[in-house]
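Single-letter residue listing:
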Amino acid sequence: MSAETATPSGVIHDIGYRTYDGERIGRLGIVRALYWHSLRSAWGLGRGPKAKVVPFMALVIMCLPAVANAFSVSRTGIRAIAYDEYMNSFQLVLVLYLAAVTPELISRDIRNRTLPLYFSRALRRTDYPLAKVSALITAMLGLTAVPELLLYIGTIGSRHGASEVWSETRAFLPGLELAAVYSVTFAILAAVLSCYTGRRAFATGAVAVFFFGTWVVSSAMVHLTGFRPHYHHNPDGNGYFVQPHDPGIGPKISGLLNPANMIEGMKEWIVGRAPKDAEIPYPGAFGAVYLAALVALCALALFLLMRRYQKASLL
Amino acid sequence: MSAVYNPTIAAITLRGLLGRRRSLLIALPPALLLALTIGLRLSTDINSGRDFGWPGVVLGQIGLVTLLPLTAMIIGTSVLGTEVDDSSILHLLATPVSRATVLTTKWIVASAATLVFAVVPIAVASFIATSGYVDNPGPFDTYAMPIKGDASEAVGVIVAAVVGAVVYSAFFLFLSVVTKRSVAVTLIYILVWESLLTRQVSGLRLLSIGQYELGLADQIGHLPNLGAHLTLGTSVVMSVVFTLFALIYGTRRLQSFRVSGEAA
């Protein structure tokens, strides 16, 4: 209020506000900041200790088999778990992580009505979900790729000679790719499932029920529709087990009911064989359907996510 | 007013539970189970030689061990958890109703809702799946028990589902008293404890509610393919112990309930 400062005319009270005339970071900067903040909060960093419990517990559980494998390989030479079966065996931990973390990233902004604050900046409607989903994918990669990497390191520690290490690496790389596929698919689906509600508890429930429920149903249906030995009854009361030679179309379609089983079917199709105790039978030419269905599912989920943030009712 | 049941609290809880679109969401998985059962029943002849023994898998692995806990989770965590979330629990705790009554009333409501939304569909599905079982030696039943061919398989599944609904409701209600993030903790229990760890470490079966259900269903009905491991006595005793522990310790924790702001 002093007269010395260049006082503009027509101001009743000058309480010293100054306009910002520095460099504005613009749209890209906002997206980057949003991505970085979301990535940190996906691991509970920058938040209280309670927010770190589930993410780091999930990471520890995911890494335990890899650590056990390191001991197993060095003592007995027997591998505890294969690179390309790791994610499928422990997918429930991934589901748990997503069910706990995705609502934190996505539902909280809806509930606290902070979205108008974001969209009043130089941020386009599609930027927000893209930043959130990429942060979620990156966070998931930490949960999927780190255990694979530990598994690899723990195994090559007991391997001798360049050729052994090289063959180990060739087995490891598909596992890493599979981890990436799991991360992308699961993150996108979890994001779209939790963007419809502001209540954290509902979003958590939706993510968990979707992944866990469809997995149980799909796996059961794969077995029930013929991909298992069945018992042949003789008239005299005895019988014998019959291993179905060709599982038929039933199990292959049943595998499409769950994203994880979809990825497994696609993996077997790409690799060209199925392990003996596989969850999903080798799809053969049907594998193309798995790939197409997976791509279509992710595309649809992304589309729904984008469309969700076009809605004015969200604000 | 009775000491275990307060009709006013029950009415408020029920309204909060069923008031919105949420009840439709709870009704979706049971509808899926029924559709699956009817489809399988129509498409397979369960008394033929090419029997896959599917009723045990559908009723046990899908119905009892997946559908029931997930429904109980949604209901059990929302009868108290939502009130803790929006701090309206304060109004309830300020009333001169004993905390034990609050807890048991909520438990009764949660159990009843789980009975309606999960146990009734499972019961219908179990009758659809097992009626007309004449003589099925149970190809994958490791004990090769003959099936009696009456309603006992269905009765076994139904009894197990009722017990499961009551025990799960008590336990999940207890979890929502003890922790702020009840849904996440409940999920850890269902996904990591019951599904992942119990499958790997067989000793944990003794502390897993799903296994009590399967034990009960198996001991009463001898339905093949349930994957049950516990005996009748163990299942009953452990169910009672679990419920009593959840209710008594839950009451104690509710008596010293501390309301804080948003968890950091």
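Residues numbered from 1 in each chain as written. Chains lettered and ligands numbered in written order. Predicted model: local features only at pLDDT ≥ 70, side-chain atom pairs only at ≥ 80, totals over all residues.

Remarks on the overall build of chain A
The helix and strand tally for chain A stands at 11 helices and 2 strands. For chain A, the sequential pattern of α-helices and β-strands runs α-α-α-α-α-α-α-α-β-β-α-α-α. The buried share among the 315 residues of chain A stands at 38%. Counted over contacts in chain A with a minimum sequence separation of 6, partners at least 24 positions apart contribute 75%. (Helix = DSSP H or I, 4+ residues; strand = E, 2+ residues; numbered from the N terminus. Buried ≥ 20, exposed ≤ 12 C-beta atoms within 10 Å, placed from the backbone. Contact = placed C-beta atoms within 7 Å.)

Regarding the overall build of chain B
Secondary structure assignment for chain B yields 9 helices and 0 strands. Along its sequence from the N terminus, chain B presents helices and strands in the succession α-α-α-α-α-α-α-α-α. In chain B, buried positions account for 49% of the 264 residues. Restricting to contacts in chain B with at least 6 residues of sequence separation, those with at least 24 account for 80%.

Looking at the interface of chain A and chain B
Across the boundary between the two partners, chain A contributes 27 residues, which contact 31 residues of chain B. For the side of chain A that touches chain B, the elements supplying multiple residues, two or more each, are helix H2 (49-76), helix H4 (91-111), helix H8 (200-224) and strand S1 (230-233) of chain A. With 12 residues, H8(A) is the largest single contributor of residues to the side of chain A that touches chain B. Looking at the side of chain A that touches chain B residue by residue, the classes come out as 17 nonpolar, 8 polar and 2 charged. (Nonpolar A, V, L, I, M, F, W, Y, C, P; charged D, E, K, R; others polar.)

Concerning helix H6 (residues 127-156) of chain A
The α-helix winds at 3.6 residues per turn, so residues separated by three or four positions along the chain end up facing the same way. With 30 residues, H6(A) extends 42 Å from end C-alpha to end C-alpha; this agrees with the ideal 44 Å at 1.5 Å per step. Considering bend angle alone, the principal kink of H6(A) is centred on Leu141(A) and spans about 25°. (Expected span 1.5 Å × (residues − 1). Bend = angle between axes of the 7 residues up to and from the residue.)

A look at the confidence of the model for chain B
Residue and element names in this part refer to chain B. Looking at chain B as a whole, the pLDDT averages 81, with 84% of positions reaching at least 70. Ranking the elements of chain B by mean pLDDT puts helix H2 (residues 22-43) last with 81 and helix H9 (residues 232-255) first with 92. pLDDT under 50 marks residues 135-148. Its contacts with residues more than four places away, or in other chains, come to 26 contacts. Interface confidence for the predicted complex, expressed as ipTM, amounts to 0.82; the pTM equals 0.85. (pLDDT = per-residue confidence, 0-100.)

Describing the packing of helix H8 (residues 209-221) of chain B against H9(B)
Residue and element names in this part refer to chain B. In contact at an axis separation of 8 Å, H8 and H9 are set at 140° when each is read in the N-to-C sense. Between H8 and H9, the crossing angle belongs to the class labelled oblique. Viewed along their axes, H8 and H9 form a crossing whose handedness is left-handed. Across the interface between the two elements, Ile209, Tyr212, Gly215, Leu216 and Gln219 from H8 touch Leu232, Thr234, Ser235, Met238, Ser239 and Phe242 from H9. Residue composition of the contact of H8 with H9, by class: 6 nonpolar, 5 polar and no charged. (Axes fitted to C-alpha atoms, helices over the stretch in contact; angles between N-to-C directions. Parallel < 35°, antiparallel > 145°, perpendicular 65-115°, else oblique. Left-handed = near helix turned anticlockwise from the far one by under 90°.)

A few points about the nonpolar core
Side chains of a nonpolar character, in soluble globular proteins, are inclined to be buried together. In terms of nonpolar packing, the biggest core is built from 144 residues, with Leu96(A), Ala161(B) and Leu173(B) touching the most fellow members. For this core, the element with the highest residue contribution is helix H6 (residues 152-178) of chain B, accounting for 17 residues. Leave out the neighbours within four places in its chain, and Leu96(A) touches Ala58(A), Leu187(B), Ile188(B), Leu191(B) and Val192(B). (Core = buried A, V, L, I, M, F, W, Y, C linked by C-beta atoms within 7 Å.)

Focus on unusual backbone geometry
Residues and elements named next belong to chain A. Backbone geometry places arginine 113, a non-glycine residue, at a positive phi of 55°. With respect to the helices and strands, the residue arginine 113 is situated in the loop between H4 and helix H5 (115-119). The class for arginine 113 is exposed, based on 11 C-beta atoms found within 10 Å.

What to know about the packing of helix H1 (residues 26-42) of chain A against H6(A)
Residues and elements named next belong to chain A. Put simply, H1 and H6 touch, their axes get as near as 8 Å, and they point 40° apart. The pairing of H1 with H6 is recorded here as oblique in orientation. The chirality of how H1 crosses H6 is right-handed. Where H1 approaches H6, its residues Arg27, Val31, Leu34, Tyr35, Ser38, Leu39 and Ala42 are matched on the opposing element by Asp127, Tyr128, Ala131, Lys132, Ser134, Ala135, Leu136, Thr138 and Ala139. When the residues that make up the contact of H1 with H6 are grouped by side-chain class, the tally is 10 nonpolar, 3 polar and 3 charged.

Some details on the environment of Leu143(A)
Residues and elements named next belong to chain A. As for its position among the elements, leucine 143 is in helix H6. We classify leucine 143 as buried; it has 27 C-beta atoms within 10 Å. Note: C-alpha distance between leucine 143 and tyrosine 97 (46 residues apart in sequence) is 8.7 Å. Beyond its immediate chain neighbours, meaning those up to four positions away, leucine 143 contacts Ala58, Leu59, Met62, Leu94 and Tyr97.

Looking at H6(B)
With 27 residues, H6(B) should reach 39 Å at 1.5 Å per residue; the first-to-last C-alpha distance of 38 Å fits that figure. Counting buried residues along H6(B), 22 of its 27 residues qualify, which places the element largely inside the surrounding structure.

Focus on the environment of Leu224(A)
Note on placement: Leu224(A) falls in helix H8. For Leu224(A) and Ser183(A), which are 41 residues apart along the polypeptide, the C-alpha to C-alpha distance reads 29 Å.

Brief notes about the environment of Cys195(A)
All names here are of chain A. Turning to its location among the elements, cysteine 195 is positioned in the loop between helix H7 (162-194) and H8. Cysteine 195 gets classed as buried once you count the C-beta atoms within 10 Å, which come to 26. Along the sequence, cysteine 195 and phenylalanine 71 sit 124 residues apart, while their C-alpha atoms lie 42 Å from each other. Apart from the residues lying within four places of it in its own chain, the contact partners of cysteine 195 are Ile106, Leu305 and Arg308.

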